[in-house]
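Secondary and tertiary structure notes
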Amino acid sequence: MKHKSQLKIYNTLSRVKETFEPIKAPFVGMYVCGPTVYGDAHLGHGRPAITFDTVYRYLSHLGYKVRYVRNITDVGHLQGDADEGEDKIAKKAKLEQLEPMEVAQQYTDTYHRDMLALNTIKPSIEPRATGHIPEQIALVQSILDEGLAYEVNGSVYFDVLKYNERQQYGKLSGRVLDDLMSGTRDLDGQSEKRNAVDFALWKNAAPEHLMKWESPWGVGFPGWHLECTAMSSKYLGKHFDIHGGGMDLMFPHHECEIAQGNACNHQDPAKYWMHNNMITINGQKMGKSLGNFITLQELFTGEHELLEQAYSPMTIRYFILTAHYRSTLDFSNDALKAAQKGYKKIINGLKIAQKLQYVQDDTIGIDEKQVQQVEQIITNAYRAMDDDFNTAQAIGHIFNLLKKINSMYTGQLHPAHFGKEVFENMINTYSTFITEILGLSEEKPNNQEGLLEVLLKLYGEAKTARDYARVDEIRNSLKSLGIVVKDMKDKIDWAYEE
């Protein structure tokens, strides 16, 4: 492995940080609940995508061979996340007079567009729920065979009370079944369920229902929770390493997945359960159902009443990484502007790091204090990532490394102060963390480099000719484009305005 890691992951199931030990090292199986594709992706979708992209990147950096599966939910997710109401995609299809698969395709495409903009790596496999109906029907049958489900009028429900006699229902979320029972309204005689806590594995479809399939119990469609059990076990096996998703999926979705996995496979689906926290607006969870969301495209264009300006995809990525994934992240224009500044500082550092060359100078000795500081900073950056992927702390340490890089750039320190090996380790670590681990890339305006070279040449000529009006004109023109001219002792350079 590239870095000797003592990676610890906070396991929602055990509620403690556990040393990461894959089931079959060096292979790692990771399943993440993807989007229900009935609308444009918003900032709340961006967080799990970036969180688990970073997990994927870091595990890969450590030398693990990761199979990353993230599903597309294109059927079965009903309004209110329960077992009643209309399918979210079918509802949208009716409103727009489209086929449900047109809606699913349209928003799968826009999701992919936005994920590409955020520089997330494509998952190894991206299964769709509608592509796995036979597997889901087989799972329903096996749960029925175990005596943990019952069929009513063409629908099949999971019997939570019977399951709870064998296994604890609620162990992931910490919910107590007695409390759940007392907290639900009594069944009014209209429901087919034996108990309000039971959940649908297969739902009978009304004649007007748009998305339906033949099954042993009649024409219907799968339950939302069942889809992930079918797809994760198909591609990662009955027991795999990491299951991830947003905290809002912990109950009931992931709790039901654990129950289904134990019912038909006699074991928990995943060894480690990871949940990113919510993005909030004024302390309230951001979500489509609440109508308080900002789509990623609105953030990129600035076209939303809550936005004071547009924020680039890398600014959004950086913003999400500046908080630990398990802490809430509150949206504000000030926070996004600070993220924009931080991102540009880091990218300016990357530009400098890529230009710096090691130059041996026998008149300059190695400064042991500087060497120790750099080695400690690098150790700290990796320790932060090993401590449950603490990107917020890692970024802080990377800024400390940037101070050293900037000091070499301005001539306060010389590469020879560090020695060739430490100098190269510093430059490589900085570049690796920014691009490979944190997944930040430079956002260049079109034809930027060539145009800037020409303008800086003209700036230098005007300066030599003492044409200060021209100097100011070029400087101000570049500033209006977010570019700052830097007058160095021996050269003229540029940076993004921070």
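The rules behind each value
- For every chain, the first residue of the written sequence is number 1, and numbering continues from 1 onward in sequence order.
- Side-chain atom pairs in this predicted model are given and counted only at pLDDT of 80 or more, local residue features only at pLDDT of at least 70, and totals for whole chains, interfaces and linings cover all residues.
- The basis for every side-chain value is the complete set of non-hydrogen atoms in the structure, without hydrogens or water.
- UniProt positions are given in the numbering used here, feature names are shortened, and annotations may be inferred rather than shown by experiment.
- The buried label applies to any residue whose accessible area, calculated with a 1.4 Å probe on protein chains only, is under 20% of its type's maximum; exposed applies above 50%, and partly exposed to all values in between.
- A helix here means a DSSP run of H or I that spans at least four residues, while a strand means a run of E at least two residues long, and both kinds are numbered starting from the N terminus.
- Any two strands with at least two DSSP bridges between them are considered paired.
- Any pair of residues with heavy atoms lying within 4.5 Å of one another is described as a contacting pair.

Under an unreviewed UniProt entry, the name given to the protein chain is Cysteine--tRNA ligase, and the organism recorded is Belliella kenyensis. What UniProt states about the protein chain under its Subunit (unreviewed entry) heading is, verbatim, "Monomer." UniProt, in its Sequence similarities (unreviewed entry) section for the protein chain, records the words "Belongs to the class-I aminoacyl-tRNA synthetase family."

Brief notes about helix α8 (residues 250-265)
Burial within α8 is extensive, with 14 of its 16 residues counted as buried. Within two residues after α8, H266 carries a phi angle of roughly 60 degrees, on the positive side.

With respect to the pairing of strand β5 (residues 149-152)
In the sheet, β5 pairs with strand β6 (residues 155-158) via four bridges, with the strands oriented antiparallel. Directly across from A149, in β6, lies its bridge partner F158. In sequence, β5 turns back onto β6 through a hairpin of two residues, with N153 there showing a positive phi of about 50 degrees.

Structural notes on the environment of V37
In this fold, V37 is placed in the loop between β3 (27-32) and α1 (43-61). Since its relative accessible area comes to 2%, V37 is described here as buried. For the pair formed by V37 and H397, sequence separation is 360 residues and the distance between their alpha carbons is 38 Å. Not counting residues up to four positions away in its chain, the partners in contact with V37 are I72, T73, D74, I89, V103, A104, Y107 and T108.

Considering unusual backbone geometry
Residues A25 and P26 are joined by a peptide bond in cis, for which omega reads 5 degrees. Its location among the elements puts P26 in the loop between β2 (16-19) and β3. Backbone geometry places R15, a non-glycine residue, at a positive phi of 65 degrees. The class of R15 is partly exposed, set by a relative accessible area of 38%. Its identity is not glycine, yet Q97 carries a phi of approximately 55 degrees, on the positive side. Q97 gets classed as exposed once you look at its relative accessible area, which sits at 73%.

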